[in-house]
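Observations on chain architecture
One letter stands for each residue in the lines below.
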There are 2 protein chains.
Amino acid sequence: MYINGVNLGNWLVLEKWMSPGLFEGTTAEDEYYLPTQLSQKVYEARIKLHRREYISERDFAAIRSFGMNAVRIPIPYFIMGDCPPFVGCVEELDRAFLWAEKYGLKILIDLHTVPGSQNGFDNGGISGVCKWAQQPDSVEFALQLLEKLSNRYGTNSSLWGIGVLNEPITERTWNAMDIQNRYKPVDLELAAGSAPISLDFLREFYVEAYRRMRRYLPEDKVIVIHDGFELKAWKDFMREAEFKNVVLDTHQYLMMAEMYGCEQSLEGYKKYVEEYLTGDIEEMQEYFPVICGEWSLFNSYGCGIDTAGGLSPVNGVEASEDKLNAESRKELYSQIALAQLEAWKKISGHFYWNYKLLLDTVNEPGWIGWDSWDLGKSVSLGWYPGEF
Amino acid sequence: MYINGVNLGNWLVLEKWMSPGLFEGTTAEDEYYLPTQLSQKVYEARIKLHRREYISERDFAAIRSFGMNAVRIPIPYFIMGDCPPFVGCVEELDRAFLWAEKYGLKILIDLHTVPGSQNGFDNGGISGVCKWAQQPDSVEFALQLLEKLSNRYGTNSSLWGIGVLNEPITERTWNAMDIQNRYKPVDLELAAGSAPISLDFLREFYVEAYRRMRRYLPEDKVIVIHDGFELKAWKDFMREAEFKNVVLDTHQYLMMAEMYGCEQSLEGYKKYVEEYLTGDIEEMQEYFPVICGEWSLFNSYGCGIDTAGGLSPVNGVEASEDKLNAESRKELYSQIALAQLEAWKKISGHFYWNYKLLLDTVNEPGWIGWDSWDLGKSVSLGWYPGEF
């Protein structure tokens, strides 16, 4: 099955920039600090309403109408409701499985956060902190949660598979993104000792996770491992017969390519995709079925400024005006979409990031260009091709 | 300009059945009682987040992509924030005007509730109460609000016009819908004295509203009056030269036609639209530009039961299973859509009710058929034709 999917990011795992209303009146930059600045009742009121309203049955119908066949659903480590003050959300995931069944979509569950964080991103749950791998209890927590999820959904006909852990960060990206400057920690004591994760640790964790998940997860369900932003590091991994139906997930953003030198122009992006990216992913497809679990149309050229690898207006980097007219913007995005979709045809599929955002580019022009992360809007505006 | 539009119902004026999460943990059936059962902080948290998340810029892009050119925005009487404990929402309307400008949509502001209520509907703000017309202060409040809105938005290029008052109820519909049994009042004392509104009162109110609004509203902006569910009662009204650019708004639901005897079948609905409805609206188009400000695909046949004029599962009337397969459901709705869209071509335009609902027909099968009120979903599923 070729995966033609989209992420339901910011539904069960929050990213402030995608729905700023949730964070209104607080200085919290991530999900970890949100409940510390609101009363428990107000926090619950916001989070529960967000989950009810942000994604509902109608969105599954819309995604299907885009010609897609799958959704990747990021979930937080506290999904089971066992980590107060955070509110669990497994009932929401249960409902999503029934919607998926009705509309003919498959689900990839994606463990997007773990206690102590695996990357220090805001979307890892707590900015500037990366200590999960150093905390045996937290590693065990993640493994047990993966077992629970495998047990709960393992035989569900709408389950495509489970992603072990989203974007664990290794030294290369930790340094390139200058994580603790980009995502500043709030509590220096809590952040102290944060460090990237070694590939050795990741390999060991993935093997352990595989073995514990497969106890519950039938072999026709995939187990997805993320490449840790080191796509080619996995050629000698899990070659043994024991490991069945393992998919390698790579996240490929043009903003990251820019950080490594990709020219910021339509031609530059196309050249990068066609001459570099396509070859790399094809090469890895010989070892694993590969998916691109996150990608988007977003790029600096569309923002009218060098975003320095996707630094957001929240970080104080923003364009003041729209330098592209509607037509050239559509040309830019639709060409980039086609180039990337062509690349994914060489592998086992892709999930766009993201289905939906709540940006207001009219009243807050700093967000111009950032709405290209929004698949729904990109389809509405013809940025994302209708037939794909 | 032919109006091809959709309502943004349940955004700034709530209807519990469209977003039940807002009312969770309360027994409130309408917006009036919601804050009485929540702390002010939790109420504000819910209502503000709902307004931020339910409709955003991306929805204006989607509506435009459906080929539409206008939105009708129901607003509550407390929009200016001068009626605690209710939270105002004029900033949201301001933002909508900027979105409309960007995406080439016109806005019809629709005063959907007034103090004391003009109809006793849940969507009139307070179920089972209809006393507005008997309270001179409340009538004056409405007039002053219409002036403020005319002043604030009168010269805005995205304003198409302002609707004076949504669905004031006269004796005919008050009786046919058995309002106080359908929408049971919570506080009998508060509801005591509720009564339908006379056509004489409405005529006088419309004239007064017209005169006070036109002080601020340029003559190229329309003033919309609702027919009070008596379409043909307005032939001799506002014939004087003084009244310029007045549009007559009629709401035409198949569920209402069913109450008056329309056969519950695809053929029955088409026959009703083609043989009765079309002639009636064409007749009135000789006196006013007429719009159908609310209509939908919803009908009892699609629910698999006689809904008795649209009584909802909330009222305990629900189908237990889906009697139509996906194909025959699509056939039913798309045929009904075409018949009605054909009828609206005889007049000055239409607004579908509604753009969006948050029903879950999978986990709550009582709502099967009710999702036809959702334009977005209807487009996704091919129920509503793509080219219109």
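These figures come from a predicted structure and were not determined experimentally. (Residues numbered from 1 in each chain as written. Chains lettered and ligands numbered in written order. Predicted model: local features only at pLDDT ≥ 70, side-chain atom pairs only at ≥ 80, totals over all residues. Heavy atoms only, no water.)

Interfaces are often described in size by the accessible area the parts lose on coming together. On the side of chain A, 40 residues touch chain B, which itself brings 40 residues to the contact. Approximately 3,400 Å² of surface area, both sides summed, lies buried where chain B meets chain A, with 54% of it carried by carbon and sulfur atoms. Linking chain B with chain A are six salt bridges. The salt bridge involving B:Glu57 is made with A:Lys377; its shortest N-O contact spans 2.7 Å. At the junction of chain B and chain A, the tally comes to 18 residue pairs in polar contact (both at pLDDT 80 or more). At the level of elements, α1 (40-54), α2 (57-65), α3 (90-103) and α13 (375-380) of chain B are the ones that each hand at least two residues to the side of chain B that touches chain A. For the side of chain B that touches chain A, the element with the highest residue contribution is α1(B), accounting for 10 residues. When the residues that make up the side of chain B that touches chain A are grouped by side-chain class, the tally is 17 nonpolar, nine polar and 14 charged. (Contact = heavy atoms within 4.5 Å. Buried area = accessible area lost by both parts, 1.4 Å probe. Salt bridge = Lys/Arg side-chain N within 4 Å of Asp/Glu carboxyl O. Polar contact = N/O pair within 3.5 Å; in protein donor to acceptor, adjacent residues only side chain to side chain. Helix = DSSP H or I, 4+ residues; strand = E, 2+ residues; numbered from the N terminus. Nonpolar A, V, L, I, M, F, W, Y, C, P; charged D, E, K, R; others polar.)

Another aspect to go through is the confidence of the model for chain A. Across chain A, the average pLDDT comes to 95, with 97% of residues at or above 70. Across the predicted assembly, pTM comes out at 0.96 and ipTM at 0.96. (pLDDT = per-residue confidence, 0-100.)

With that settled, consider the side chain of A:Glu258. Residue and element names in this part refer to chain A. Tracing the backbone through its elements, the reader meets Glu258 in helix α9 (residues 254-259). An unpaired buried charge is present at Glu258: no salt bridge exists, and Arg182, the closest side chain of opposite charge, is 8.9 Å distant. Residues in contact with Glu258, not counting those within four places in the same chain, are Gln264, Tyr269, Asn299, Ser300, Tyr301 and Thr307. (Buried < 20%, exposed > 50% of the residue type's maximum accessible area, 1.4 Å probe, protein only. Lys, Arg positive; Asp, Glu negative; His and termini not counted.)

Moving on to the UniProt feature "domain: Glycoside hydrolase family" (unreviewed entry) in chain A. Per the UniProt record, the feature "domain: Glycoside hydrolase family" (unreviewed entry) sits at residues 52-300 of chain A. End-to-end, the C-alpha atoms of residues 52-300 of chain A are 33 Å apart, and along that stretch the chain is 41% helix and 13% strand. (UniProt positions renumbered as here; feature names shortened; annotations may be inferred.)

On to the environment of A:Phe66, then. Looking at where A:Phe66 falls in the secondary structure, it is placed in the loop between α2 (57-65) and β2 (70-75). Residues A:Phe66 and A:Gly376, 310 residues apart in the sequence, show an inter-C-alpha distance of 8.8 Å.

Glancing now at the relation of the copies chain B and chain A. The transformation that overlays chain B on chain A combines an axial shift of 0.0 Å with a rotation of 180°, and the residual RMSD is 0.0 Å. What the superposition gives is, in effect, a two-fold axis relating one chain to the other. Nearest to the rotation axis, the C-alpha of B:Val42 is located 2.7 Å from it, this being the minimum over chain B. Of the interface residues in chain B, 100% have counterparts in chain A that sit at the interface too, so the contact is made through matching surfaces. (Least-squares fit on C-alpha atoms with pLDDT ≥ 70 in both.)

This paragraph deals with helix α10 (residues 266-285) of chain A. Residue and element names in this part refer to chain A. Spanning 20 residues, α10 covers 27 Å between terminal C-alpha atoms, matching the ideal 28 Å at 1.5 Å per step. Of all the bends in α10, the greatest measures close to 35° and is centred on Leu277. Along α10, the positions that sit buried rather than exposed are Leu266, Gly268, Tyr269, Lys270, Tyr272, Val273, Leu277, Thr278, Ile281 and Met284. (Expected span 1.5 Å × (residues − 1). Bend = angle between axes of the 7 residues up to and from the residue.)

To continue, consider the pattern of salt bridges. Residue and element names in this part refer to chain A. On inspection of all chains with the given rule, the structure shows 44 salt bridges over all chains. Of the charged contacts in the structure, one is a salt bridge between Lys16 and Glu29, with a shortest N-O distance of 3.2 Å. Of this pair, Lys16 sits in the loop between β1 (3-7) and α1 (40-54) while Glu29 sits in the loop between β1 and α1; the two residues are 13 residues apart in sequence, bridging distant segments of the chain. Residue Lys16 is classed as buried on the basis of its relative accessible area of 17%.

Once that is clear, we can look at the packing of aromatic side chains. Given two aromatic rings, one states the distance between the centres and the angle between the planes to describe the pair. The tally for this structure, following the rule as stated, stands at 64 aromatic pairs over all chains. Centre to centre, the rings of B:Tyr253 and B:Trp373 are 5.1 Å apart; their planes meet at 65°, and the pair counts as edge-to-face. Of this pair, B:Tyr253 sits in the loop between β6 (246-251) and α9 (254-259) while B:Trp373 sits in the loop between β8 (349-352) and α13; the two residues are 120 residues apart in sequence, bridging distant segments of the chain. Like B:Tyr253, the residue B:Trp373 is buried in the burial classification. Among the aromatic residues, those joined into a ring-pair cluster are A:Trp17, A:Tyr253, A:Phe298, A:Trp367, A:Trp370 and A:Trp373. It is A:Arg58 that lies over the ring of B:Tyr355; its NZ or CZ is 5.5 Å from the centre. Positioned above the aromatic ring of B:Trp234 is the side chain of B:Arg203, whose terminal nitrogen or guanidinium carbon lies 5.4 Å from the ring centre. (Phe/Tyr/Trp six-rings, centres within 6.5 Å; stacked < 30°, edge-to-face > 60°. Lys NZ or Arg CZ within 6 Å of the ring centre and 35° of its normal.)

The next subject is the side chain of B:Lys270. All names here are of chain B. Relative to the helices and strands, Lys270 resides in helix α10 (residues 266-285). This buried residue, Lys270, is left without a salt bridge; Glu267 holds the nearest opposite charge, at 4.7 Å. Once you skip the residues sitting within four places of it in the chain, Lys270 turns out to touch Gln335 and Ala339.

We now examine the pairing of β6(B). Residue and element names in this part refer to chain B. Of all the six residues making up β6, six are buried; the element is thus mostly covered by neighbouring parts of the structure. Pairing of strand β5 (residues 222-226) with β6, which is carried by four bridges, proceeds in the parallel orientation. Bridge pairing in β6 places Ile223 opposite Val246. Both β6 and strand β7 (residues 290-294) contribute to a ladder of four bridges, which runs parallel. Paired with His251 across the strands is Glu294, a residue of β7. (Pairing = 2+ DSSP bridges.)

Residue and element names in this part refer to chain B. This model, assessed by the stated rule, comprises zero disulfides over all chains. The thiol of Cys83 is unpaired, and the distance to the nearest cysteine sulfur, on Cys89, comes to 11 Å. The cysteine Cys262 is free of any disulfide, with Cys303 supplying the nearest cysteine sulfur at 14 Å. (Disulfide = S-S within 2.5 Å.)

Here the amide bond leading from A:Pro84 into A:Pro85 is cis, since omega sits at 10°, within 30 degrees of zero. Inspection of the secondary structure puts A:Pro85 in the loop between β2 and α3 (90-103). Going from B:Trp353 to B:Asn354, the amide bond is cis rather than trans, its omega being 20°. By the element assignment, B:Asn354 lies in the loop between β8 and α13. Phi is positive for A:Met238, close to 55°, though the residue is something other than glycine. By secondary structure assignment, the location of A:Met238 is in the loop between β5 (222-226) and β6 (246-251). Despite not being glycine, A:Asn245 has its phi angle at roughly 60°, a positive value. By the secondary structure assignment, A:Asn245 is in the loop between β5 and β6.

This brings us to the environment of B:Gly193. Residue and element names in this part refer to chain B. Tracing the chain through its elements places Gly193 in the loop between α7 (188-191) and α8 (199-214). According to the relative accessible area criterion, Gly193 is partly exposed, its value standing at 48%. Separated by 50 residues in sequence, Gly193 and Leu143 have C-alpha atoms that sit 23 Å apart. What Gly193 contacts, discounting residues up to four positions off in sequence, is Lys131 and Gln134.

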